[in-house]
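Chain and residue survey
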Amino acid sequence: LAKSLVRVSKDDILAAKTVRVMRTVFSQPASPTLSQEQRMLVANAVDRALCLGLSERFRVVGPDQPADLTTRVLVTQAAPTNEVAAGASKVV
């Protein structure tokens, strides 16, 4: 389950050819119950999903290369789920 705040300029998006995906980061109080390893797994999954989705429309460039657009993800809240909930969300 995710909620997001997205700000975009339609004209800039339509003109863009390249995108830079910055690494997903967690705010300090985002997930006090998640271990560092769990945070890394979540961040990796988010980054991979962004790269995959954005690569259908844009050329994804490295973090040190110029880009028309830059994405930034900040996880502000996260909590572990049990096996049943995780299985149900995967099916959905």
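The paragraphs below set out a description of the structure included in this document. (Residues numbered from 1 in each chain as written. Predicted model: local features only at pLDDT ≥ 70, side-chain atom pairs only at ≥ 80, totals over all residues. Heavy atoms only, no water.)

1. What about the side chain of Ser-27?
Relative to the helices and strands, Ser-27 is located in the loop between β2 (25–26) and α2 (36–54). What Ser-27 contacts, discounting residues up to four positions off in sequence, is Arg-39, Leu-74, Val-75 and Thr-76. (Helix = DSSP H or I, 4+ residues; strand = E, 2+ residues; numbered from the N terminus. Contact = heavy atoms within 4.5 Å.)

2. Section: the sheet that holds strand β1 (residues 18–21)
Strand order in the open sheet formed by three strands is β3-β1-β4, with parallel pairing between adjacent strands. Unpaired on one side and paired on the other, β3 (59–61) and β4 (69–71) mark the two borders of the sheet. Between one strand axis and the next, the sheet turns through 35 degrees on average, direction left out of account. With three bridges joining them, β1 and β3 adopt parallel strand pairing. Within β3, the position partnered with Arg-20 by the bridge is Val-61. Its contacts with the sheet place α2 against β1, β3 and β4, and it is angled at close to 175 degrees to β1. (Pairing = 2+ DSSP bridges. Axes fitted to C-alpha atoms, helices over the stretch in contact; angles between N-to-C directions.)

3. Regarding α2
With 19 residues, α2 should reach 27 Å at 1.5 Å per residue; the first-to-last C-alpha distance of 27 Å fits that figure. Listed as buried for α2 are Arg-39, Ala-43, Asp-47 and Leu-54. One side of α2 holds all its buried residues, which, seen down the axis, span an arc of 60 degrees. Exposed side of α2, more than 90 degrees from the buried face: Glu-37, Leu-41, Arg-48, Ala-49 and Leu-52 are the residues found there. Of the surrounding secondary structure, the elements contacted by the buried residues of α2 are β1, β2 and β4. (Expected span 1.5 Å × (residues − 1). Buried < 20%, exposed > 50% of the residue type's maximum accessible area, 1.4 Å probe, protein only. Arc of directions from axis to C-beta.)

The values reported here are purely geometric and, on their own, carry no functional implication.
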